[in-house]
Amino acid sequence: MTGLFLSFPAIALTQGDAAGVVAPQTGDDAPSAMIDPMEPRHARDVTLDEFLWIARPLVVFADSPADPRFREQLQMLAARPQPLLDRDVVIIIDTDPTEQTALRTALRPRGFTLVIVQKDGRVGLRRPSPRDVREIVRGIDNFALRQEEIRMGE
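Residues numbered from 1 in each chain as written. Predicted model: local features only at pLDDT ≥ 70, side-chain atom pairs only at ≥ 80, totals over all residues. Heavy atoms only, no water.

Regarding the environment of Pro-109
1) Next: Note that Pro-109 resides in the loop between helix H3 (102–107) and strand E6 (113–117).
2) Next: For Pro-109, a relative accessible area of 15% gives the class buried. (Helix = DSSP H or I, 4+ residues; strand = E, 2+ residues; numbered from the N terminus. Buried < 20%, exposed > 50% of the residue type's maximum accessible area, 1.4 Å probe, protein only.)

Quick notes on the sheet that holds E6
1) Next: With mixed pairing, the five strands of this open sheet are ordered in space as E3-E5-E4-E6-E7. Because the sheet does not close on itself, it has two edges, and the strands there are strand E3 (41–42) and strand E7 (123–127).
2) Next: Taken together, the four bridges between E6 and E7 define a ladder with antiparallel strand orientation. Paired with Ile-116 across the bridge in E7 is Leu-125.
3) Next: Across the sheet, helix H1 (residues 68–79) is in contact with strand E4 (56–61), strand E5 (89–94) and E6; its angle to E4 comes to roughly 150°. (Pairing = 2+ DSSP bridges. Contact = heavy atoms within 4.5 Å. Axes fitted to C-alpha atoms, helices over the stretch in contact; angles between N-to-C directions.)

Points about the pattern of salt bridges
1) Next: Evaluated as defined, the whole model comprises 12 salt bridges.
2) Next: Here Lys-119 makes a salt bridge to Asp-88, at a shortest N to O gap of 2.6 Å. With Lys-119 in the loop between E6 and E7 and Asp-88 in the loop between helix H2 (81–86) and E5, the pair connects residues that are 31 residues apart, well separated along the chain.
3) Next: Judged by relative accessible area, Asp-88 falls into the buried class, the value being 11%.
4) Next: Here Arg-146 makes a salt bridge to Glu-149, at a shortest N to O gap of 3.4 Å. Taken together, the positions of Arg-146 and Glu-149, both in helix H5 (residues 144–152) and three residues apart, correspond to about one turn of that helix.
5) Next: For Arg-146, a relative accessible area of 8% puts it in the buried group.
6) Next: One salt-bridge network, held together by shared partners, links Arg-56, Arg-87, Asp-88, Lys-119, Asp-141, Arg-146 and Glu-149. (Salt bridge = Lys/Arg side-chain N within 4 Å of Asp/Glu carboxyl O.)

Printed below as a string of structure tokens:
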């Protein structure tokens, strides 16, 4: 998978940050973890509950990492990361249908599927083909919770 992604600067996050993924803490004085929300995480390593009210998981499913649609989608996401970061998006990938991850079971993709999960855990957008960042951002900006974030200046 490396080589498909551009290198984005990591963001320091502590537990409870609304800007991205929550870093696990081991104690009251645990240091901040460096997590890059644009570095795709594999579906086997995460659950949707981890992101509830914190981030918007953008899940890219494919039946193989060699799927040209999968590669195209990751390239489009890497080309314009800032609008996604501004909307608290984390990227999750799943390219092995035989593994039956919790995300694959919950979201039931068919072949290539792009799914954006809202911060409240509901599916906000589902598409059967790659989408550019502009279209993804427009979809996110139409979510009711995102509209509330905009009104509140977040």
